[in-house]
Amino acid sequence: DQILPRYRAEIEKKGRCVLLSVVGGRLSEGIDFKDDLCRCLILVGLPYPNIGDPVVRSRMAFYDEKHKGFPDFPTERQFYDSRCMKAVNQCIGRSIRHSMDWSAVLLLDSRYGNESIKTSLCSWVKDNLRETNFTTLESELTSFFHRASDEFKN
């Protein structure tokens, strides 16, 4: 209960702070990280649901069974992938809350380069997606932060 108020206070006092959270964890649900509360979001990996979770397994079996009778119904794999990508898109959406808000979003996993993953990203992310490497990342982020802060000044 004290983490978020301390985080906000640190942002107000110093203008920056790092907050680490797990997708689907307590700090990733229902919290608004608008404006200065999230200027850089780093997603490491893809947050697939726990395949061992009985609820997930049950839902996958349901999708598998339904797909057999209705070929247009999503497969269990499509269900599983969509749960993951819904979490990714929600996470990104928590960092950019309105038209004048901005955040650098780093998707750190080579699987984000797969066409099926890219097509599951929301359109405005997909339209701005580009690959980079760690050699040029610092200069690209510096350039992005300068452009964004100038463009969205009140």
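The shown structure was predicted, so the numbers you read here are calculated from the model rather than taken from an experiment.

Rules used in this analysis
Residues numbered from 1 in each chain as written. Predicted model: local features only at pLDDT ≥ 70, side-chain atom pairs only at ≥ 80, totals over all residues. Heavy atoms only, no water. pLDDT = per-residue confidence, 0-100. Helix = DSSP H or I, 4+ residues; strand = E, 2+ residues; numbered from the N terminus. Core = buried A, V, L, I, M, F, W, Y, C linked by side-chain atoms within 4.5 Å. Buried < 20%, exposed > 50% of the residue type's maximum accessible area, 1.4 Å probe, protein only. Axes fitted to C-alpha atoms, helices over the stretch in contact; angles between N-to-C directions. Parallel < 35°, antiparallel > 145°, perpendicular 65-115°, else oblique. Contact = heavy atoms within 4.5 Å. Nonpolar A, V, L, I, M, F, W, Y, C, P; charged D, E, K, R; others polar. Phe/Tyr/Trp six-rings, centres within 6.5 Å; stacked < 30°, edge-to-face > 60°. Lys NZ or Arg CZ within 6 Å of the ring centre and 35° of its normal.

*Asks:* Which residues make up the confidence of the model for the protein chain, and what values do they have?
*Replies:* A residue-level look at the protein chain finds 98% of positions with pLDDT of 70 or above and a mean pLDDT of 90. Within the protein chain, the element-level pLDDT minimum falls on helix H5 (residues 123-126), averaging 89, and the maximum on helix H2 (residues 54-69), averaging 95.

*Asks:* Tell me what's going on with the nonpolar core, and back it up with residues and numbers.
*Replies:* Counting residues in hydrophobic clusters, the biggest one holds 21 residues, and the most contacted among them are Phe33, Leu43, Leu46, Met85, Val88, Ile92 and Tyr112. Among the elements that take part in this core, helix H3 (residues 76-95) stands out by supplying five residues, more than any other.

*Asks:* Go over the packing of H2 against H3, please, and point to the residues and values.
*Replies:* For the pair H2 and H3, the least separation of the axes is 7 Å and the interaxial angle reads 135°. Of the possible angle classes, the one that applies to H2 and H3 is oblique. Taken together, the residues of H3 that come into contact with H2 (itself represented by Val56, Arg59, Met60, Tyr63 and Asp64) are Glu76, Phe79, Tyr80 and Arg83. Of the residues assigned to the contact of H2 with H3, the class counts are five nonpolar, no polar and four charged.

*Asks:* Tell me about the environment of Phe62, and please be specific about residues and values.
*Replies:* Inspection of the secondary structure assignment puts Phe62 in helix H2. On the basis of relative accessible area, Phe62 is assigned to the partly exposed category, the value being 45%. Separated by 13 residues in the primary sequence, Phe62 and Thr75 have C-alpha atoms spaced 9.3 Å apart.

*Asks:* Run through the packing of aromatic side chains, naming residues and quoting values.
*Replies:* Counting across every chain of the model gives nine aromatic pairs. Judged by centre distance (4.6 Å) and plane angle (20°), the ring pair of Tyr63 and Phe79 falls under stacked. On the criterion of sequence distance, the pair formed by Tyr63 in helix H2 and Phe79 in helix H3 is long-range, its members being 16 residues apart. For Phe79, a relative accessible area of 7% corresponds to the buried category. Of the aromatic side chains, those joined through ring pairs into one cluster are Phe62, Tyr63, Phe73 and Phe79. For Arg39, the ring lying beneath its charged end belongs to Trp102, and the centroid distance is 4.2 Å.

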